[in-house]
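Each chain is listed here by its residues.
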Amino acid sequence: MENLLEVKDLKTYFYTEDGVVPAVDGVDFELKPGQTLGIVGESGCGKSVTSLSILRLVPNPPGRIVEGEILFEGKDLVQATESEMQHIRGNDIAMIFQEPMTSLNPVFTIGKQIMEAIMLHQNLDKNAAREKCIEMLKLVGIPRAEQAIDEYPHQFSGGMRQRAMIAMALSCNPKLLIADEPTTALDVTIQAQIIELMKDLKDKLNTAIILITHDLGVVAEMCEHVIVMYAGKVVEEADILELYTDPKHPYTVGLMKSKPSLDDNRDRLEVIPGAVPNPLDMPEGCTFHPRCPHAMDICREKQPHLINNEEGRKVRCWLYEKEGEVK
Amino acid sequence: MATVTSNNINSDNRARSSKVESPWKVMLKRLRRNKLAIVGLVVLIIMAVAAIFAPFLTDFGRDETNLARSNAAPDAEYRLGADSLGRDIYTRLLYGARISLTVGFVATGLRIFIGVVLGGVAGYYGKTVDNIIMRIADIVSCLPFLPMAITFVAIRGPSIYNVMLVLAILGWPGIARIVRAEILSLREREFMEAATALGISDFKKITSHLIPNTMASIIVSATTGIADAILTESTLSFLGLGVAPPTPTWGNMLTDANNQFVLQHRWWQWVPPGLVIFIAVLSLNLLGDGLRDALDPRLKQ
């Protein structure tokens, strides 16, 4: 199958007063139509910046895509003009944001905001757009859609707003949906509903999804393929089952261990010692070595490569290069 | 469908308001509770109606003179007396309201238009564009108002249009600053990022997302702005630089009373226009205060 999206060696740097921050530093991944990809990592590891880069929404200045290609259906979005991007945004690639409470314009009705996108991208007139809008609201499970369309965001609860955001994002049948921590701001019961809804819609509409999260449970629930990011780099890439049964990179192993589980009765969760390095002062060699339990001499000196084996399993660690376990 | 079960849970979470209340309805509801603002609004409506239907409210023509009865005190024929040319003061007050209110509204409308466009562009694009526009605004607001207005009207000739124009040209920086400041903070909000992610163009983002969000402060500043414009028109007309006689405005009616003798002995020539200006401006300010409170989100109940 053709790849829908190919990100090649993407580098997005922020030029701040204190120096250059490599928020995304050489990220590669690809996505097939209808596939769901999870991007996991700690806060500040560059997952959100990666997604914003795809839509070219990185605030410039200070941010800039300095290198790399983002091929969407063969077209390089890094080189696209602003007006080409305006056509792609919302139409081919849509995005759901983390904060449903603030992502809707408070002075307009829900319907008006959804209809705006529909009318813009699908050349429908007002009545047709309204019908389509009601249909979308029903699809995302908003009760009394005919009335809800004329309500204002403050009359919606958090879960309802996130549903409305999803309706807005999917209203133009995008080929790719980027969901940037869509459940983080919601309480747990609503989280489960939103995840269910997204899975459900994915099957119905065959939309490819990039799900950005730090919640390993959400990833397990939704994704087929996962990439783990650390300090702007991909450290591991695997299919979901392999990643959970056999995490390779010490960072991934640490993440798995620090996840609470119902089955065991530990008093304290294991933690990964230390914190994400200061992006202005990255450690030499492997960026994870100060926190890594297996750090060796070579880790302090040289950057490991992303080692690729045949099954699409990738890991960036000296452990495996030396032992030749994954080649 | 997996979502069906979740619907029921969710419908309980939401506020049970069967009727949709738009922000405007909420504002009107709150405004209605403010007695003074309503008084102001009613007075203004009465004035506007009186101005529109002036010919039906008086037996005299606007410029109809009767020299035999010049400077007549109020009596059965001239309800508010007559001026030095024997024109009915009451009639001229009605017609004067047309000019004064029109100048107030049109000049403020023009001022808001310029202010919103420039403030919106400055706030949205920032950087160089912002710098250029706001420095021009600084320069304009540094200009002393009366000398500039007098020079402008002196060059272009006294007329109602020039008064409106000069009010707008010298008055826009205030509105532009308000709009810019609001947009500077609004454009960083997440719903603007969401709008960008939907592929909405800059123009649409400014006109249909940002400016409606600044409406509350624009309305408040417009209401008090109209009062200012009416006062300034009176000042200019009083100085003979506003609307040319014989067209009456509240301001140039006061000009006629511009000497000691009239002030002491013919109160009916200056008290009525002065009082009307005072009442109009007071009403506008009361309404403006009321709107400010009604549109203040912190007072949500």
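Residues numbered from 1 in each chain as written. Chains lettered and ligands numbered in written order. Predicted model: local features only at pLDDT ≥ 70, side-chain atom pairs only at ≥ 80, totals over all residues.

A. Geometry of the overall build of chain B. Across its full length, chain B carries 12 helices and 0 strands. For chain B, the α and β elements follow one another from N to C terminus as α-α-α-α-α-α-α-α-α-α-α-α. Computed over C-alpha atoms, the radius of gyration of chain B comes to 25 Å, more than 25% over the 19 Å expected from 2.2 N^0.38 for 301 residues, which places it beyond the range of a compact globule. Dimensions of chain B, computed from C-alpha atoms along their principal axes, come out at roughly 90 × 45 × 25 Å. Per-residue burial over chain B gives 39% buried out of 301 residues. Of all intrachain contacts in chain B linking residues separated by at least 6 positions in sequence, the fraction that spans at least 24 positions is 70%. (Helix = DSSP H or I, 4+ residues; strand = E, 2+ residues; numbered from the N terminus. Rg over C-alpha atoms; globule rule 2.2 N^0.38 Å. Buried ≥ 20, exposed ≤ 12 C-beta atoms within 10 Å, placed from the backbone. Contact = placed C-beta atoms within 7 Å.)

B. Fine view of the overall build of chain A. Secondary structure assignment for chain A yields 12 helices and 12 strands. Over its C-alpha trace chain A gives a radius of gyration of 21 Å, about what one expects of a compact globule, namely 20 Å for 327 residues. Each principal axis of the C-alpha atoms in chain A carries an extent, and together these give about 65 × 50 × 45 Å. Across chain A, every contact between residues at least 6 apart in sequence was considered, and the portion connecting residues at least 24 apart equals 62%.

C. Focus on the pairing of strand β1 (residues 5-16) of chain A. All names here are of chain A. As defined by bridge partners, β1 adjoins strand β2 (residues 19-31) across 10 bridges and the pair is classed as antiparallel. Residue pairing across strands places valine 7 opposite phenylalanine 29, the latter belonging to β2. In this structure, the hairpin formed by β1 and β2 is closed by a connection of 2 residues. Pairing of β1 with strand β4 (residues 63-72), which is carried by 8 bridges, proceeds in the antiparallel orientation. Counted as the bridge partner of valine 7 is isoleucine 70 from β4. (Pairing = 2+ DSSP bridges.)

D. Representation of the domain arrangement of chain A in the model. All names here are of chain A. Annotation of chain A at the domain level lists domain 1 (5-104 + 156-323) and domain 2 (105-155). Put simply, the middle of domain 1 and the middle of domain 2, counted by C-alpha atoms, are 30 Å apart. Here the element with the most residues in the side of domain 1 that touches domain 2 is helix α6 (residues 158-170); it accounts for 8 residues. For the side of domain 1 that touches domain 2, the residue count by class is 10 nonpolar, 3 polar and 2 charged. (Domains from an automatic or database assignment. Nonpolar A, V, L, I, M, F, W, Y, C, P; charged D, E, K, R; others polar.)

E. Region of interest: the sheet that holds strand β10 (residues 233-239) of chain A. Residue and element names in this part refer to chain A. Pairing within the open sheet is mixed, and its 8 strands lie in the order β6-β7-β8-β3-β9-β10-β12-β11. The two strands at the open ends of the sheet, each matched to only one other strand, are β6 (93-96) and β11 (307-308). Sheet topology places β6 next to strand β7 (residues 176-180); 4 bridges connect them, and they run parallel. Looking across to β7, one finds that alanine 94 is bridged to leucine 177.

F. Region of the structure containing the UniProt feature "domain: ABC transmembrane type-1" (unreviewed entry) in chain B. Those residues carrying the UniProt feature "domain: ABC transmembrane type-1" (unreviewed entry) are residues 97-288 of chain B in this numbering. Spanning residues 97-288 of chain B, this segment combines 83% helix with 0% strand, and its end C-alpha atoms are found 20 Å apart. (UniProt positions renumbered as here; feature names shortened; annotations may be inferred.)

G. Molecular detail of the interface of chain A and chain B. Every contact between the two is made by 35 residues of chain A and, on the other side, 27 residues of chain B. Looking at the side of chain A that touches chain B, the elements with two or more residues in it are α2 (82-88), β6, α3 (110-122), α6 and α7 (188-205) of chain A.

H. Representation of helix α4 (residues 89-125) of chain B in the model. With 37 residues, α4(B) extends 53 Å from end C-alpha to end C-alpha; this agrees with the ideal 54 Å at 1.5 Å per step. In α4(B), a bend of some 25° at Gly96(B) exceeds every other bend along the element. (Expected span 1.5 Å × (residues − 1). Bend = angle between axes of the 7 residues up to and from the residue.)

I. Quick peek at the UniProt feature "transmembrane region" (unreviewed entry) in chain B. Residues and elements named next belong to chain B. Under the feature "transmembrane region" (unreviewed entry), the UniProt entry names residues 36-57, 99-125, 132-154, 160-179, 210-231 and 267-288. From the first C-alpha to the last, residues 160-179 spans 28 Å; its make-up is 100% helix and 0% strand. Segment residues 267-288 splits into 82% helix and 0% strand. End C-alpha atoms: 31 Å apart.

J. Representation of the packing of α6(A) against α7(A). Residue and element names in this part refer to chain A. One can describe the packing of α6 onto α7 by two numbers: an axis separation of 10 Å at closest approach and a directional angle of 20°. Viewed along their axes, α6 and α7 adopt a mutual orientation that is roughly parallel. Crossing angle aside, the handedness with which α6 passes α7 is right-handed. Taking contact as the criterion, the partners of Gly158, Gly159, Gln162, Arg163, Ile166 and Leu170 in α6 are, on α7, Ile190, Gln193, Ile194, Leu197, Leu201 and Leu205. (Axes fitted to C-alpha atoms, helices over the stretch in contact; angles between N-to-C directions. Parallel < 35°, antiparallel > 145°, perpendicular 65-115°, else oblique. Left-handed = near helix turned anticlockwise from the far one by under 90°.)

K. Up close: the sheet that holds β2(A). Residue and element names in this part refer to chain A. In spatial order, the strands read β2-β1-β4-β5; together these 4 strands make up an open sheet with antiparallel pairing. Where the open sheet ends on each side, the last strands, each with one partner, are β2 and β5 (75-76). Across 2 bridges, the pairing between β4 and β5 is antiparallel. Looking at β5, one finds that phenylalanine 72 is bridged to lysine 75. Across the sheet, helix α1 (residues 47-54) is in contact with β1, β2 and β4; its angle to β2 comes to roughly 70°.

L. Here's a closer look at the UniProt feature "domain: ABC transporter" (unreviewed entry) in chain A. Within this numbering scheme, the UniProt entry marks residues 5-256 of chain A as carrying the feature "domain: ABC transporter" (unreviewed entry). For residues 5-256 of chain A, helix accounts for 38% and strand for 28%, while the C-alpha atoms at its two ends are 28 Å apart.

M. Here's a closer look at unusual backbone geometry. All names here are of chain A. Residues other than glycine seldom take positive phi values, yet aspartate 9 does so here, at roughly 50°. Along the chain, the position of aspartate 9 falls in strand β1. What makes aspartate 9 exposed here is the crowd of 11 C-beta atoms within 10 Å. Positive phi is not limited to glycine here, since asparagine 206 has a value of about 55°. Along the polypeptide, asparagine 206 turns up in the loop between α7 and β8 (208-213).

N. Highlighting α3(A). All names here are of chain A. The first and last C-alpha atoms of α3 sit 18 Å apart over 13 residues, in line with the 18 Å expected at 1.5 Å per residue. Most of α3 sits inside the fold, with 10 of its 13 residues counted as buried. Within α3, burial applies to Ile110, Gly111, Gln113, Ile114, Met115, Glu116, Ala117, Ile118, Leu120 and His121. Buried-residue contacts for α3 involve α4 (126-139), α5 (145-148) and α6. Taken from the residues just after α3, asparagine 123 is the one with a positive phi, measuring 55°.

O. A look at the pairing of β8(A). Residue and element names in this part refer to chain A. Burial analysis of β8 places 6 of its 6 residues in the buried class, which makes it a mostly covered element. Side chains of β8 alternate between two faces, with Ala208, Ile210 and Ile212 and Ile209, Leu211 and Thr213 buried alike. Pairing of strand β3 (residues 36-40) with β8 involves 5 bridges; the strand directions are parallel. Looking at β8, one finds that valine 40 is bridged to threonine 213. Since β7 and β8 lie parallel, the crossover through α7 that links them has a hand, and here it is right-handed. (Right-handed = clockwise from strand over helix to strand, strands pointing away.)

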